[in-house]
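Report on the structure
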Amino acid sequence: MNNGKYIFSQIMSLVSSTSFQTIVTRYKGDYKVKEFSCWKQFLCMTFGQLTHRESLSDTILCLKANADKMYHLGIGDVVAKSTLSTANENRSYLIYYDLAMLLIKQAKQLYLGDNGLDVELENNVFAIDSTTINLCLSTFYWATHRSTQGGIKLHTQLDLKTAIPEFIHFSSASVNDMNALDFISYEANSFYIMDRGYVDYKRLYRIHGCQAFYIIRAKDNMNCRRVKSYPSDKSNGVLCDQSVLLNNFYVAKDYPEKIRRIKFYDNESRILFVFLTNNFHLKATEIAQLYKHRWKIELFFKWIKQHLKIKSFWGQSENAVKTQVWIAVSVYVLVAIAKKKFMLQQSLYEILQILSISIFERMPINQLFQQTQQQYFKDLNHNQLNMFD
């Protein structure tokens, strides 16, 4: 079925053309457009992301070098850099925001039942964190952060079982991390894992009131009193397991109920962690293990910055920057969907690396990755002489 299709076309076929056009019509993206439609804009930008292009000029240059293939990619005639730049500046980024949300919904259905955790839990487990993307203030004047520096902050809620983003929110880089908690809809019985930058007892009590669970690191200046101590497994790093009440009058008013406080020493990193949670059912070691998986969101930020060209923006306006970021998120989720749909064994990083150099191959995509896997094992089982027999 896909024998005559380019690898790029097979990836793009995972996006429903009907759904995409519905979104475009919603925001009048193709209003009075004759040639360069939103779909062609998305194809050009996705091509640049998947092939690791450094700029719009770089992307257009590579497209022109493969002009004979553009018809089969669905782009048609290669456009000028100014045409693509104008589209990024003027067409609403909400088109690609809605597309990213649609793809995230599809990915969640595909990964339903997967559990990438060491702890057996039926509950959903999310990590909440943010990353700051620094911008040149003289160029991105709208992204004021400090007097001499610009920047935007990407607040993300990541499903730790699937590594699929559940929620993404933009703000100025000067906005405090904990403010993002006001925009999240909490699911009952789900776990929300955060670093100490999100300690705000009023907001934590809101999570508790939604019958959801939080796991967060305590601040060093936490003022509390012990109510009860539970048996602690010191051989596995659990130094103490207690329920506590907050002492300060106003803080205790914000959070009037007991909190579970766990001191855990990690032998591997040689760091003492103090966790706060409203879950009194899991073992203390399981709470610590869940928090350990929070680092997946750090890997997500690192991956998306390194491999989807977030740091070097291809437009200067707020709309162009958000368009690029949402298309980058869409590409990340699209790769995750392709991994599941084509039953690929490689990691998302490996898939993206292989796609970047195989975009114009004409073969079924699962065959491409099967050959890559076979070649990998072949290289491992080499027949070279051993120098040190």
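That block above? That's the structure.
In this report, we go over the structure that sits alongside the text. (Residues numbered from 1 in each chain as written. Predicted model: local features only at pLDDT ≥ 70, side-chain atom pairs only at ≥ 80, totals over all residues. Heavy atoms only, no water.)

**With respect to the overall build of the protein**
Summing up its helical and strand segments, the protein has 14 helices and 10 strands in all. Per-residue burial over the protein gives 50% buried out of 389 residues. In the structure as shown, the protein presents an accessible area of about 19800 Å², 50% of it carried by carbon and sulfur atoms. (Helix = DSSP H or I, 4+ residues; strand = E, 2+ residues; numbered from the N terminus. Buried < 20%, exposed > 50% of the residue type's maximum accessible area, 1.4 Å probe, protein only. Areas by Shrake-Rupley, 256 points an atom, 1.4 Å probe, with all protein chains shown as cover.)

**Considering the side chain of Asp241**
Relative to the helices and strands, Asp241 is located in strand E8 (residues 238–246). Polar side-chain contacts of Asp241 include one of 2.8 Å to the side chain of Arg260. In this structure Asp241 touches Lys228, Ser229, Tyr230, Pro231, Ser232, Arg260, Arg261, Ile262 and Ala284, once residues within four positions along its chain are discounted. (Polar contact = N/O pair within 3.5 Å; in protein donor to acceptor, adjacent residues only side chain to side chain. Contact = heavy atoms within 4.5 Å.)

**Remarks on the nonpolar core**
It is characteristic of soluble globular proteins that their nonpolar side chains tend to be buried jointly. Counting residues in hydrophobic clusters, the biggest one holds 94 residues, and the most contacted among them are Tyr96, Leu290 and Leu355. When residues in this core are grouped by element, the largest group, 13 residues, is from helix H12 (residues 318–341). Apart from the residues lying within four places of it in its own chain, the contact partners of Leu355 are Ile7, Ile11, Leu50, Val335, Ile365 and Phe369. By size, the runner-up hydrophobic cluster in this structure holds 24 residues, among which are Leu181, Tyr201, Leu204 and Tyr255. (Core = buried A, V, L, I, M, F, W, Y, C linked by side-chain atoms within 4.5 Å.)

**Quick word on the side chain of Lys322**
Within the secondary structure, Lys322 is located in helix H12. Residues contacting Lys322, with those up to four places away along its chain left out, are Tyr93 and Phe170.

**Description of the packing of aromatic side chains**
In this structure the tally under the stated criterion is 20 aromatic pairs. Ring geometry for Tyr97 against Trp326: centres 4.9 Å apart, planes inclined by 80°, an arrangement best described as edge-to-face. One end of the pair, Tyr97, is in helix H7 (residues 94–110); the other, Trp326, is in helix H12, with 229 residues separating them in the sequence. Residue class for Tyr97 comes out partly exposed when judged on its relative accessible area of 29%. On the basis of relative accessible area, Trp326 is assigned to the buried category, the value being 2%. The interplanar angle of 70° and the centroid separation of 5.0 Å between the aromatic rings of Tyr205 and Tyr255 together place this pair among those described as edge-to-face. Of the two residues, Tyr205 sits in helix H8 (residues 201–209) while Tyr255 sits in the loop between helix H9 (249–254) and strand E9 (259–266), which places them 50 residues apart along the sequence. A relative accessible area of 1% places Tyr255 in the buried class. A network of ring pairs unites the aromatic residues Tyr6, Phe8, Phe47 and Phe360 as a single cluster. (Phe/Tyr/Trp six-rings, centres within 6.5 Å; stacked < 30°, edge-to-face > 60°.)

**Considering unusual backbone geometry**
A positive phi angle, near 55°, is found at Lys28, a position not held by glycine. Here Lys28 lies in the loop between helix H2 (17–26) and helix H3 (38–50).

**Observations concerning the pattern of salt bridges**
One pass over the full model with this rule turns up 14 salt bridges. Measuring nitrogen to oxygen at the nearest pair gives 3.9 Å for the salt bridge that ties Arg294 to Asp195. Placement of the pair is Arg294 in the loop between helix H10 (284–292) and helix H11 (295–307) and Asp195 in the loop between strand E5 (191–194) and H8, with a sequence separation of 99 residues. Among the ionic contacts, a cluster of salt bridges with common partners joins Asp129, Asp195, Arg294 and Glu298. (Salt bridge = Lys/Arg side-chain N within 4 Å of Asp/Glu carboxyl O.)

**Some remarks on the packing of H12 against helix H13 (residues 348–358)**
When two helices pack together, their arrangement is given by the angle between the helix axes and the distance between those axes. At a minimum axis separation of 10 Å, H12 and H13 run at an interaxial angle of 100°. As judged from the angle between their axes, H12 and H13 are roughly perpendicular. Contacts from Tyr332, Val335, Ala336 and Lys339 of H12 reach H13 at Leu348, Ile351, Leu352 and Leu355. In the contact of H12 with H13, the residues fall into 7 nonpolar, no polar and 1 charged. (Axes fitted to C-alpha atoms, helices over the stretch in contact; angles between N-to-C directions. Parallel < 35°, antiparallel > 145°, perpendicular 65-115°, else oblique. Nonpolar A, V, L, I, M, F, W, Y, C, P; charged D, E, K, R; others polar.)

**Points about H7**
Compared with the 24 Å implied by 1.5 Å per residue over 17 residues, the 24 Å span of H7 between its first and last C-alpha is a close match. What H7 keeps buried is the set Ile95, Tyr96, Asp98, Leu99, Ala100, Leu103, Ile104 and Ala107. Looking at the buried side of H7, the elements it contacts are H2, H3, strand E4 (164–172) and H12. (Expected span 1.5 Å × (residues − 1).)

**Quick notes on the state of the cysteines**
Inspection of every chain in the model, using the stated rule, returns 0 disulfides. Free cysteine: Cys224, not disulfide-bonded; nearest cysteine sulfur from Cys240 at 9.5 Å. Classification of Cys224 as partly exposed rests on a relative accessible area of 22%. (Disulfide = S-S within 2.5 Å.)

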